[in-house]
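# Coordinates in review
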Amino acid sequence: MNWSLFFDLTVSGLTLGSLYALIALGYSMVYGILKLLNFAHGDVYMIGAFLGWFALHGLGGPVNPDFAAAGVLAVMFVVAMLGCGVLGVAIERFAYRPLRNAPRIAPLISALGVSIFLQNSALLVFGASFRDYNTFSFIGIKTYNVGRNLFFSVPQLLTVVAAICLMVALTLFVSRSRLGKAMRSTSFDREAASMMGIDVDRVISATFFIGSALAGAAGIMSGLVFGQIYHFMGFIAGLKGFTAAVIGGIGSIPGAMIGGLVVGLAESYATGYLPQGSTFQNLYVFALLILVILIRPSGLFGQAVIQKA
Amino acid sequence: MADGAPDIPAPPDARDRPRIGVDEWVAQVEGRRERYSGLRGAVERRWERIPPAARVLLFAVPAAAFPYVTTEGNVFRYGLFTLVYALLALGLNIVVGFAGLLDLGYVAFFGFGAYGYAILASPQFGNHWQAEAAIPVVVVATALCGLLVGLPSRRLFGDYLAILTLFFGQAFVVFVNNANRISFPFAGHVDLTGGSNGLPNIDPFDFFGYKLEGTRQQYYFLLISIVLVLVLLYWVHDSRTGRAWRALREDPLAAEAMSIPVNRLKLLAFVFGAGTAGFTGAIYGSIATAALPGDYDVGLLITIYAIMILGGFGSLMGIVVGAVVVSSVPELLRSSANARPLFYGAILLALLVKVRPWPRLAAVLAGLVGFGFAAHAIASAAYPRLVHGHAIGSGAFAHAMNHWMLLPSHHEKIADVAYVFLIAAIVIVPQLKRLWRTVLIPPLLYLVMFVWENLLLEQIGGATRLILLGALLVALMNARPQGLFGNAYVEIA
């Protein structure tokens, strides 16, 4: 067994997994409350990456930023998360809310429309070329060796730590705060919640805001880890985030985190160990999704849903 | 109510409240039909009375005459693609419109058919099958593929299926792009799909030695196929299976309780849809003489969905109309000579119909003209670069445009940005309150004309087209969730 390859794959899998987990959280929260698959979620992540890029260049660019790298990073995260949160709320308000009592298929098609709109708007406005975060000259890709050939780099460490912080914050928010309580009760039973005096519309907007903000943070992290962003990056990432949400049990917050890690590690190991891995990694993730749906459709942490009218 | 019947409470208008009194709603079906008085009601009632066979003829006869009134190039550009789209949308209609399953991997079956035919009839493997043998093989193989994809969907309800099929469509593109590098366990290295170069030089259809080579022959072959499929679908629609599908679409749980075999019917719809897509794919491969991986991507999926939604779920003739509109309108707008009158005429007509009473219309028009001069004056004072360009074309109208419209000299970027904002605004503004709507209409119209003069008059296609279709999906779902020609169905909360 080649331990150094194994460690490499594990580290990159954990990095990927934290990205997918952040995306999956948005899917899962929205699905938990609205029973709606927000196809546009992956594209919100893409917009987040671009917002971060513009913030970075607004502050002097990656090579000679006007401030210390930590400050620039903080500004990037704030800009992208706020921007994406507002975008998510707007999407909900204008594309999903009018359809809340329409036939089930209508909001799905509307979501598809939003996704296409965002993707092609980005193509038109930002252009088709790749944009460079230039992580190397920005925060450096210093690599640490923790003995036994276990290497990791700064952006990877940053991503995993930031993702863990965000998830802890989210868990605390949902379990402790008043709004989090409202969210839980809305997702449990929307009508009953509204009868108890919870402003359901506001809760749904808040959910979209938080989920989209997390996706925006994931967008910046992907820019830092992979170095490059482009208009089509959200599509596949969205699909994988969804896969993670399903594997963890859709609607469950810890499930989304674990599911993200599972998908990230599986993709990483598939790239390293399976035949034609680097070409067909997406197909392997797809196979994993089908496998989970066949064996345990409710996911790792989800409860089997008894369907009612 | 003169006869003393109890007053029926008016249904609540708010769409986000549950509808009370669904039974009354059902009982009023006839009354709701009658509601359209005047021209629209008359047309609708006439249309209801036409038997299905005559409806098909209503489409088939002008379509059959089309090649005789125009040139070969036009038949190729408008005719063939419209028919391919229509056939594809009819197949998708089985899955989405009849059975209510959201299949987002549908385009992959289309590609599967094209590649399947290419493998059977191109120099790639040296096979040159006759069409009468190749088409059934391709259709059956695609249907089997549909069965395989549908199998896991047995236990899925709506949304999972949607994303599973979306993923499948993406997986198909990845596979086709890279299948030239796979080594099989026993056969060794096989170049199955030609990778990103695709499979070129596909044979035209060859029925018992009669080759379909010319554009016209292909057109008529497609037309005959569509008419056959339409007749078949009308028949299926009213058959036992068709009724069961619609029951499934309305409420899977209730359908199951009525002892309808839900899973088998879902699979059947999937298989039928995939088979139709495979058939269309084989035809498309023979027409385009090449199977390229880029042709079977999300863009095509959106186009087909736009057609189906424009036509209305489950409405067969609506879909044909939708195909004609979606594929021919961008083509018509492409030449600027006839595009400008068409465009401004359409805007004026829409205003006349939608903005009433006439003082409001006059206010809107005055506001528009005033807004234009104000914008022009402010821009020429602040950013002279914004007004240095010239309107396309000559004549009084273009001359007037030069003094009223913002025409930046380097307009690519700003027009692109404006376009994106415009489309978002078109989706958002109709949902606002009445006062805001009236106030925002003049700037919106100005933005429309700005984008038109600076961007669309020169080029429409690619990303702009897809944005338009994406916005169409959102807007149409908001305005009429059942599609333009579809029937609203009863939603029981």
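Here the structure is a predicted model, which is why all the values come from computation and not from measurement. (Residues numbered from 1 in each chain as written. Chains lettered and ligands numbered in written order. Predicted model: local features only at pLDDT ≥ 70, side-chain atom pairs only at ≥ 80, totals over all residues.)

## Re the overall build of chain B
Filter applied, for reference: Put simply, DSSP H or I for four residues or longer makes a helix, DSSP E for two residues or longer makes a strand, and each gets a number counted from the N terminus. Exposure classes come from backbone-placed C-beta atoms, where a residue is buried if 20 or more other C-beta atoms lie within 10 Å of its own, exposed if 12 or fewer do, and partly exposed in between. Each residue is represented by a C-beta atom placed from its backbone, and any two residues with such atoms within 7 Å are regarded as in contact.
A count of helical and extended segments in chain B gives 20 helices and eight strands. Burial status across chain B gives 38% buried among its 493 residues. Taking as baseline every contact in chain B between residues at least 6 positions apart, the subset at least 24 positions apart corresponds to 74%.

## Section: the overall build of chain A
As a reminder, the rule being used: Taken over C-alpha atoms, the radius of gyration is set against a globule rule of 2.2 Å times the number of residues to the power 0.38.
In terms of helices and strands, chain A carries twelve helices and four strands. A globule of 309 residues ought to have a C-alpha radius of gyration of about 19 Å, and chain A, at 19 Å, matches this closely. For chain A, the spread of C-alpha atoms along the principal axes amounts to about 55 × 45 × 40 Å. Taken over 309 residues, chain A has a buried fraction of 54%.

## Some thoughts on unusual backbone geometry
In this structure, Lys-35 of chain A is a non-glycine residue whose phi angle is positive, near 55°. In this structure, Lys-35 of chain A sits in the loop between helix 1 (3-34) and helix 2 (41-58).

## Thoughts on the environment of Ala-206 of chain A
Positionally, Ala-206 of chain A belongs in helix 9 (residues 200-226). Between the C-alpha atoms of Ala-206 of chain A and Ala-24 of chain A, which are 182 residues apart in sequence, the distance is 17 Å.

## Examining helix 9 (residues 215-238) of chain B
This is how the line gets drawn: How far a helix is expected to stretch is found by multiplying one less than its residue total by 1.5 Å.
The end-to-end C-alpha separation of helix 9 of chain B is 35 Å, in line with the 34 Å expected for 24 residues at 1.5 Å each. For helix 9 of chain B, the full list of buried residues reads Gln-218, Tyr-219, Leu-222, Leu-223, Ile-226, Leu-230, Leu-233 and His-237 of chain B.

## Concerning the nonpolar core
Rules: Any nonpolar core is a set of buried residues, restricted to Ala, Val, Leu, Ile, Met, Phe, Trp, Tyr and Cys, that join up through C-beta atoms within 7 Å. Here the bounds of each domain stem from an automatic or database domain assignment.
In terms of nonpolar packing, the biggest core is built from 217 residues, with Ala-21, Leu-22 and Ala-217 of chain A together with Ala-89 of chain B touching the most fellow members. Of the domains in this structure, domain 1 (47-332) and domain 2 (336-459) of chain B are the two that each give at least three residues to this core. When near neighbours in sequence (up to four residues on either side) are disregarded, Ala-217 of chain A contacts Leu-22, Gly-48, Phe-77, Ala-80, Met-81 and Leu-166 of chain A.

## What to know about the environment of Gly-17 of chain A
Residue and element names in this part refer to chain A. Mapped onto the elements of the fold, Gly-17 is located in helix 1. Its 29 C-beta neighbours within 10 Å are what place Gly-17 among the buried residues. Each C-alpha atom, one on Gly-17 and one on Phe-188, is 28 Å from the other, the two residues being 171 residues apart in sequence. If sequence neighbours within four positions are ignored, Gly-17 has contacts with Gly-260, Leu-261, Val-263, Gly-264 and Leu-265.

## Here we look at the packing of helix 5 (residues 72-98) of chain B against helix 9 of chain B
Residue and element names in this part refer to chain B. Convention followed: A fitted line through C-alpha atoms represents every axis, and for helices the fit uses only the stretch in contact; the resulting angles, taken between N-to-C directions, go from 0 to 180 degrees. Roughly parallel covers angles under 35 degrees, roughly antiparallel covers those over 145, roughly perpendicular covers 65 to 115, and oblique covers all other angles. In this scheme the handedness of a crossing depends on how the near helix is turned from the far one: anticlockwise by less than a right angle means left-handed, clockwise means right-handed. Residue polarity is assigned by list, with Asp, Glu, Lys and Arg as charged and Ala, Val, Leu, Ile, Met, Phe, Trp, Tyr, Cys and Pro as nonpolar; anything else, Gly included, falls into the polar class.
For the pair helix 5 and helix 9, interaxial distance at closest approach is 10 Å and the crossing angle is 25°. Taken together, the axes of helix 5 and helix 9 are roughly parallel relative to one another. Considering how the two elements wind past one another, helix 5 and helix 9 form a crossing that is left-handed. Across the interface between the two elements, Glu-72, Val-75, Phe-76, Gly-79, Leu-80, Leu-83, Val-84, Ala-86, Leu-87 and Leu-90 from helix 5 touch Thr-215, Arg-216, Gln-218, Tyr-219, Leu-222, Leu-223, Ser-225, Ile-226, Val-229, Leu-230 and Leu-233 from helix 9. Looking at side-chain class alone, the contact of helix 5 with helix 9 contains 15 nonpolar, four polar and two charged residues.

## Remarks on the packing of helix 1 of chain A against helix 2 of chain A
To characterise two packed helices, one gives the angle between the axes of the helices and the distance between these axes. Residue and element names in this part refer to chain A. Orientation of helix 1 relative to helix 2, taken along the N-to-C sense of each, is 135°, at an axis distance of 10 Å. The angle between helix 1 and helix 2 falls in the class oblique. Once helix 1 is placed against helix 2, the crossing between them reads as right-handed. Along the contact surface, helix 1 presents Ile-23, Gly-26 and Tyr-27, while helix 2 presents His-41, Gly-42 and Tyr-45. For the contact of helix 1 with helix 2, a count of residues per class yields three nonpolar, three polar and no charged.

## Here we look at the confidence of the model for chain B
All names here are of chain B. Selection criterion: pLDDT is a residue-level measure of predictor confidence that goes from 0 to 100.
The pLDDT averaged across chain B works out to 77; a share of 76% of its residues lies at or above 70. Here helix 2 (residues 29-34) stands out as the least confident element of chain B, with mean pLDDT 55; helix 6 (residues 106-120) is the most confident, with 91. The low-confidence segment residues 14-20 (pLDDT under 50) makes ten contacts with residues lying over four places distant or belonging to another chain. For the stretch residues 489-493, pLDDT sits under 50, and the model shows ten contacts to residues farther than four places along the chain or on other chains. On the interface metric, ipTM, the complex scores 0.78, and its pTM is 0.81.

## Overview of the environment of Ser-380 of chain B
Tracing the backbone shows Ser-380 of chain B in helix 16 (residues 358-382). With 15 C-beta atoms packed within 10 Å, Ser-380 of chain B lands in the partly exposed category.

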